[in-house]
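# Topology and contacts: notes
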Amino acid sequence: DAMVIQNPRYQVTQFGKPVTLSCSQTLNHNVMYWYQQKSSQAPKLLFHYYDKDFNNEADTPDNFQSRRPNTSFCFLDIRSPGLGDAAMYLCATSYGTGPYGYTFGSGTRLTVV
Amino acid sequence: ILNVEQSPQSLHVQEGDSTNFTCSFPSSNFYALHWYRWETAKSPEALFVMTLNGDEKKKGRISATLNTKEGYSYLYIKGSQPEDSATYLCALDRGNEKLTFGTGTRLTIIP
């Protein structure tokens, strides 16, 4: 089945130690998104790629970066994780402009110790 | 309303009962309203994408209505079952490739 896969499911990292979360898709969707969700809060968009075009949200900290080497893969890099970066990170894909729903991965739960 | 708001935050419903909850959103620059169901340990799953004022969509026992003029959408579940237990998220689409989500309504069905 076509899907969005996130690895790992759970990630524990040390304070200040760089960490990378990965997302892959078999849907051939144009757009890939990274959302951060903290407990009891709304998922918050960090950035998205439309094909190779990178779109950063104005309030996304510089500590967060992303790479999309090809259509299928997208990575979230956290350069120096702080305790406040502990959250669920959701990857999603869509066709782009138009009333299309997102297809989500199952998320990566990041713990910072 | 400046943000997407959902109410109630959580809800416990007896199995077999019907229920509904609300999503409120700013009506300016409206393009579409999305509903997702997110079960624990799974991926959020798309339920509906609604674009027209007065639109009503149905999927089995779940239905949704949309009022774009006043900025709200209702999600209804008829005859709740244990498998309906999940967080229900709504999201505003302004036609700019990205969604703004609400905080969700966490629904628990009591057997």
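Presented here is an overview of the structure given in this document. (Residues numbered from 1 in each chain as written. Chains lettered and ligands numbered in written order. Predicted model: local features only at pLDDT ≥ 70, side-chain atom pairs only at ≥ 80, totals over all residues. Heavy atoms only, no water.)

### Remarks on the pattern of salt bridges
Residues and elements named next belong to chain B. Applied cut-off: A carboxyl oxygen of Asp or Glu within 4 Å of a side-chain nitrogen of Lys or Arg is what we treat as a salt bridge. By definition, any uninterrupted DSSP run of H or I lasting at least four residues is a helix, any uninterrupted run of E lasting at least two residues is a strand, and each is numbered from the N terminus. Whether a residue is buried, partly exposed or exposed follows from its accessible area with a 1.4 Å probe, protein chains only, as a fraction of its type maximum: under 20%, in between, or over 50%, in that order.
The final tally for this structure, using the stated rule, is 7 salt bridges over all chains. One salt bridge in this structure joins Glu45 and Lys59, with 3.8 Å as the shortest N-O distance. One end of the pair, Glu45, is in strand 5 (residues 45–50); the other, Lys59, is in strand 6 (residues 56–59), with 14 residues separating them in the sequence. Using a relative accessible area of 39% as the deciding quantity, one classes Lys59 as partly exposed. Arg61 is paired through a salt bridge with Asp84; the nearest N and O atoms lie 2.8 Å apart. Of this pair, Arg61 sits in the loop between strand 6 and strand 7 (62–67) while Asp84 is found in the loop between strand 8 (72–77) and strand 9 (86–93), placing the two residues 23 residues apart along the sequence.

### Points about the interface of chain A and chain B
Just so we agree on the cut-off: Contact criterion: two residues are considered in contact whenever any of their non-hydrogen atoms come within 4.5 Å of each other. Buried area is understood as the total, over both parts, of accessible area removed when two parts are fitted together, assessed with a 1.4 Å probe. N or O atoms closer than or at 3.5 Å make up a polar contact, with two conditions inside protein: a donor-capable atom paired with an acceptor-capable one, and, for residues adjacent in sequence, both atoms drawn from side chains.
The interface is formed by 23 residues belonging to chain A together with 22 residues belonging to chain B. Looking only at chain A, the three residues that lose the most surface to chain B are A:Pro99, A:Tyr102 and A:Phe104, adding up to 28% of its buried area. Taken together, chain A and chain B are joined by 1 salt bridge. One salt bridge connects B:Lys98 with A:Glu57, and the closest N-O pair in it is separated by 2.8 Å. Summed over the shared surface of chain A and chain B, the number is 10 residue pairs in polar contact (both at pLDDT 80 or more). Contributing elements (two or more residues each) for the side of chain A that touches chain B: strand 4 (31–37), strand 5 (44–50) and strand 9 (87–94) of chain A.

### Considering the sheet that holds strand 3 (residues 19–24) of chain B
Residues and elements named next belong to chain B. Quick reminder of the rule: Strands are treated as partners if at least two bridges between them are detected by DSSP. Simply put, an axis is a line fit to the C-alpha atoms, just over the touching stretch for a helix, and the angle between two N-to-C directions goes from 0 to 180 degrees.
The 5 strands lie next to each other as 1-3-8-7-6, forming an open sheet whose pairing is antiparallel. Among the strands making up the open sheet, the edge pair consists of strand 1 (5–7) and strand 6. Here the strands of the sheet are splayed against their neighbours by 15 degrees on average, with no regard to which way each runs. Two elements, strand 3 and strand 8, share 6 bridges in a ladder whose sense is antiparallel.

### A few points about the environment of B:Ser63
In this structure, B:Ser63 sits in strand 7. When the C-alpha atoms of B:Ser63 and B:Gln14 are compared, they prove to be 19 Å apart, with 49 residues separating the residues in sequence.

### Things to note about unusual backbone geometry
The general pattern is negative phi for most residues beyond glycine and trans for most peptide bonds. Residue A:Pro8 is reached from A:Asn7 by a cis peptide bond, and omega for that bond is -10 degrees. On the secondary structure map, A:Pro8 appears in the loop between strand 1 (4–7) and strand 2 (10–13). Here the amide bond leading from B:Ser7 into B:Pro8 is cis, since omega sits at -5 degrees, within 30 degrees of zero. Summarising the element assignment, B:Pro8 is placed in the loop between strand 1 and strand 2 (10–14). With a phi angle near 65 degrees, A:Ser40 is a residue other than glycine that sits in the positive phi range. Positionally, A:Ser40 belongs in the loop between strand 4 and strand 5. By relative accessible area, A:Ser40 is classed as exposed at 55%.

### Concerning the side chain of A:Asp77
You can see A:Asp77 is positioned in strand 8 (residues 73–78). Not counting residues within four places of it along the chain, the set of residues in contact with A:Asp77 comprises A:Val19, A:Thr20, A:Asn63, A:Phe64, A:Gln65 and A:Arg67.

### Side note on the sheet that holds strand 1 of chain A
Sheets are built from strands that pair by backbone hydrogen bonding, the pairs being arranged parallel or antiparallel. Residue and element names in this part refer to chain A. The strand order across the open sheet built from 4 strands is 1-3-8-7, with neighbouring strands paired in antiparallel fashion. Edge strands, defined here as strands with exactly one partner in the open sheet, are strand 1 and strand 7 (64–67). Between one strand axis and the next, the sheet turns by 20 degrees as a mean value, whatever way the strands run. Where strand 7 meets strand 8, 4 bridges bridge the pair, whose relative direction is antiparallel. Residue pairing for strand 8: Gln65 is matched across the bridge by Asp77.

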